[in-house]
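Descriptive structure summary
Residue strings, one per chain:
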Amino acid sequence: MSITLTVVVPCFNERANVAPMVAALDAALAGLAWEVVFVDDDSPDGTAAAAREIARHDPRVRCIRRIGRRGLSSAVIEGALSSSADYIAVIDGDLQHDETRLPLMLQAVANGADMAVGSRHVEGGDSAGLSSPLRVKLSETGIRVAQLVTRTSITDPMSGFFLLRRALFEQLASRLTGQGFKILLDLILAAPSRLNIAEIPYKFRPRTAGESKLDVLVLAQFAGLLIDKLLGGAVPLRFISFALVGGFGVLVNLLVLQLARSTGLDFATSQTIGTIVAMIANFQLNNQLTYRAQRLKGPRAWRGLVLFLAVCSLGAIANVGIARALYAENGSSLFSGAAGAAIGVVWNYAVSATLVWRVR
Ligand code: GDD
Ligand code: MN
């Protein structure tokens, strides 16, 4: 019998939830030809091993173990692209989404909807599982912005629980950014025309095992996704993040310069200290934010820091050199300075991406 439904389950450190998840799907999808794909980003807790243990005896269970990569959206994309079924569902691996809604969602899409989205906010749904008032506020703000940008009235655009035809997913796949964790929003924005979305209410359950991976940083990523869409994908998100971090570095530099001056140090020494502190701060921020997915740790972080300092020093030399040459030609210090800084940041970005963080 051909497979009707592939359930894609992104997971990171969800070892204790794997077996209960398979059992829950088994109960909810009785009578359907289904399979489940756990997409694990090499979790240290052995999530992949737990999935394979079950997969050895149950051919409906598969596992994709990704090495050296992190990210909810990209995990979902890879899981979905490994499917040959008619329909694809995406559901969290921590049992917070209500899998008993899947048959209803399948029915909605089979009856003509482009997509069925499990929603906490339509009547009958409820977001009691959201852990803190901050999470609730973040989520509400995000919904409003997302409704504006998507020009839909979908009430849970942040949902990680949805179902669609595989054909539609494949059609949209090459237009997805794959960044961050808002895969549903990414899909809706990738669609050339408005999608007909059926919202299915469900109750968001509290987590019983493991812990949430989505935090305040996630809002920054979300803002990044929207900026990327507004710019039509012309400027890489990483570059925007890198440039923002650079702007912050300028402030750090000035602050430390003032502090050093106030202790009686001369200008050249103070500026040198300010520059070094700013570069270290920028390395840290880029390592935490811009290159979150391939964050350097331990000895590799130290090596990365030294490389980063070297790259940025060369960037500064290029910056000053170009600015001086331009200044000699046209005499505008504002234009020359801006051009020098622009060359500097592009150099720092391009070279540190390949040398320090080795982005493939
Ligand atoms: N492969 C992979 N890689 N899986 C990940 C990663 C990752 O980098 N980060 C998180 N996951 C998995 C988790 O293991 C879990 O199964 C699912 O993605 C959701 O992550 P949680 O950490 O449980 O998210 P949450 O409960 O805080 O977030 C909920 O609300 C969001 C909207 O506010 C979820 O319902 C999300 O789907 C939803 O988008
Ligand atoms: Mn969760």
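From a predicted model like this one, the values you see are computed outputs, not experimental measurements. (Residues numbered from 1 in each chain as written. Chains lettered and ligands numbered in written order. Predicted model: local features only at pLDDT ≥ 70, side-chain atom pairs only at ≥ 80, totals over all residues. Heavy atoms only, no water.)

Enumeration over the complete set of coordinates arrives at 13 salt bridges. Of the charged contacts in the structure, one is a salt bridge between glutamate 78 and arginine 66, with a shortest N-O distance of 2.9 Å. Taken together, the residues glutamate 78 in helix α3 (residues 72-81) and arginine 66 in the loop between β3 (61-65) and α3 connect sequence positions 12 residues apart. On the accessibility criterion, glutamate 78 (27% relative accessible area) is partly exposed. Given the relative accessible area of 1%, arginine 66 is considered buried. (Salt bridge = Lys/Arg side-chain N within 4 Å of Asp/Glu carboxyl O. Helix = DSSP H or I, 4+ residues; strand = E, 2+ residues; numbered from the N terminus. Buried < 20%, exposed > 50% of the residue type's maximum accessible area, 1.4 Å probe, protein only.)

Moving on, we get to the packing of aromatic side chains. For the coordinates displayed, the defined rule picks out eight aromatic pairs. Ring centres 5.1 Å apart and planes at 80° place the aromatic pair phenylalanine 239 and tyrosine 349 in the edge-to-face group. Taken together, the residues phenylalanine 239 in helix α9 (residues 237-262) and tyrosine 349 in helix α12 (residues 333-355) connect sequence positions 110 residues apart. The pair phenylalanine 239 / tyrosine 349 is uniform in exposure class, with both members buried. Each ring, one from phenylalanine 283 and one from phenylalanine 308, has its centre 5.7 Å from the other, and the planes form 55°; the classification is tilted. Residue phenylalanine 283 is located in helix α10 (residues 267-290), and its partner phenylalanine 308 is located in helix α11 (residues 299-330); the two are separated by 25 residues in the primary sequence. Taking relative accessible area as the criterion, phenylalanine 283 reaches 4% and is therefore assigned buried. Positioned over the ring face of phenylalanine 12 is arginine 70, at 3.7 Å from the centre of the ring. Its guanidinium or amino end placed over the ring of phenylalanine 204, arginine 120 lies 4.8 Å from that ring's centre, counting from NZ or CZ. (Phe/Tyr/Trp six-rings, centres within 6.5 Å; stacked < 30°, edge-to-face > 60°. Lys NZ or Arg CZ within 6 Å of the ring centre and 35° of its normal.)

So, on to the sheet that holds strand β4 (residues 87-90). Pairing in this open sheet of seven strands is mixed, and the strands run β3-β2-β1-β4-β6-β5-β7 from one edge to the other. This sheet does not close on itself; its edge strands, each paired only once, are β3 and β7 (197-201). Strand-to-strand twist across the sheet, computed as the mean angle between neighbouring axes with direction ignored, equals 20°. When β4 meets strand β6 (residues 162-165), the two strands line up antiparallel, connected through four bridges. Opposite alanine 89, over in β6, you have leucine 163 as the bridge partner. Its contacts with the sheet put helix α4 (residues 102-110) on β4, β5 (115-119), β6 and β7, and the angle it makes with β6 is roughly 35°. (Pairing = 2+ DSSP bridges. Axes fitted to C-alpha atoms, helices over the stretch in contact; angles between N-to-C directions. Contact = heavy atoms within 4.5 Å.)

What follows deals with the site of ligand 1. In the vicinity of ligand 1 there are 26 residues, among which Glu14, Asp94, Met158, Ser212 and Lys213 approach most closely. One of the side-chain N or O atoms of histidine 97 is found 2.8 Å from an oxygen atom in ligand 1. Burial of ligand 1 by the protein amounts to 97% of the accessible area it has alone, namely 740 Å². Every element with two or more residues in the shell around ligand 1 is listed here: β1 (5-11) and α3. Here the residues of the shell around ligand 1 sort into 10 nonpolar, six polar and 10 charged. (Near = heavy atom within 4 Å. Polar contact = N/O pair within 3.5 Å; in protein donor to acceptor, adjacent residues only side chain to side chain. Areas by Shrake-Rupley, 256 points an atom, 1.4 Å probe, with all protein chains shown as cover. Nonpolar A, V, L, I, M, F, W, Y, C, P; charged D, E, K, R; others polar.)

Before going further, it helps to spend a moment on the UniProt feature "domain: GtrA/DPMS transmembrane" (unreviewed entry) in the protein. On the UniProt side, "domain: GtrA/DPMS transmembrane" (unreviewed entry) is annotated at positions that read residues 242-357 here. With 86% helix and 0% strand, the stretch residues 242-357 has end C-alpha atoms that lie 12 Å from each other. (UniProt positions renumbered as here; feature names shortened; annotations may be inferred.)

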